[in-house]
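Residue-level listing of the chains:
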Amino acid sequence: MLEVSKHRNTDVEAKRRIAQAAVKLIHDKDMVFLDISTSNLAIAELLVKTDREMTVVTNMIDILVVLARNPKIRLVFAGGKINKSRDGFWGGMTLDFISKLKPDIAFVGAVGVDVKENSVSTYDIEDGINKAAIVRVSKRAYVVAEARKLSNDGNYNYTSLDTLSGLITDSKPADDICEAAEDYGVEIILP
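In this text, all values refer to a predicted model and were calculated from it rather than measured experimentally.

## A look at the overall build of the protein chain
The secondary structure content of the protein chain amounts to six helices and twelve strands. With the C-alpha coordinates of the protein chain rotated into their principal frame, the extents come out at 45 × 35 × 30 Å. Relative to its full complement of 191 residues, the protein chain shows a buried share of 53%. Residue pairs in contact within the protein chain that sit at least 24 positions apart in sequence constitute 66% of those at least 6 positions apart.

Encoded structure:
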């Protein structure tokens with residue numbers, strides 16, 4: 001199990017660039033879902049400085065702590081069973097809560113994105129089940145992943161690229177990856 005919070009200091013610049021691109025997609029008054037992901041933590045660190053009104057739903061403890069400092073952000077926490085690494089919550093209660101939401105936009109993390117195989121993966125099954133549910137219920141869903149993850153693979157595929165509105169990454173992928181994404185109708189969004 002990858003302990004997400006312990007990876008907050010890796011690829012900091014890439015995550016910052018991803019966060020900047022993601023925040024531009026959020027509209028005033030949106031309901032935004034940020035799942036357990038260090039890229040989403042970078043998004044939260046930008047959102048805490050905003051004057052815009054929005055509702056943010058998360059199941060990641062660090063995101064909750066960051067965004068609690070901004071009174072203009074209505075914060076909703078998806079509780080349930082705490083995960084092994086104590087980064088956030090998942091399991092039946094969390095999944096039940098997520099399934100009742102209709103976020104305007106969601107950002108979900110990934111361990112790996114295999115554009116040619118049309119798959120997005122993570123390491124933990126329960127995390128993947130939550131991520132899949134978030135993608136299903138959201139009006140627009142984006143995977144946030146550093147470019148290096150476009151050649152990584154987890155061991156649980158939680159969604160296919162063609163279910164997403166886009167993929168937000170920090171640098172332009174190779175042409176064959178861009179072409180494959182285009183074939184699935186997935187926009188690659190760069191900073």
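Let us keep going from here.
## Looking at the pattern of salt bridges
Any two side chains of opposite charge can pair, so long as their charged atoms come close to each other. What the rule picks out here adds up to 14 salt bridges. A salt bridge links D96 to K100; the shortest N-O distance between them is 2.9 Å. Linked through salt bridges whose partners overlap, the residues forming this network are D35, D127 and K131.

## Remarks on the side chain of D124
You can see D124 is positioned in the loop between β8 (119-122) and α5 (125-137). For D124, the side chain forms a polar contact with the main-chain nitrogen of E126, separated by 2.9 Å.

## What about the environment of L25?
Turning to its location among the elements, L25 is positioned in the loop between α1 (12-23) and β1 (31-34). Among the residues examined, L25 registers a relative accessible area of 18% and is labelled buried. For the pair L25 and I82, spaced 57 residues apart in sequence, the C-alpha separation works out to 30 Å. In this structure, L25 is in contact with D30, I105, F107, R140, Y142, I168 and I189, ignoring residues within four places of it in sequence.

Conventions we followed
- Residues numbered from 1 in each chain as written.
- Predicted model: local features only at pLDDT ≥ 70, side-chain atom pairs only at ≥ 80, totals over all residues.
- Heavy atoms only, no water.
- Helix = DSSP H or I, 4+ residues; strand = E, 2+ residues; numbered from the N terminus.
- Buried < 20%, exposed > 50% of the residue type's maximum accessible area, 1.4 Å probe, protein only.
- Contact = heavy atoms within 4.5 Å.
- Salt bridge = Lys/Arg side-chain N within 4 Å of Asp/Glu carboxyl O.
- Polar contact = N/O pair within 3.5 Å; in protein donor to acceptor, adjacent residues only side chain to side chain.

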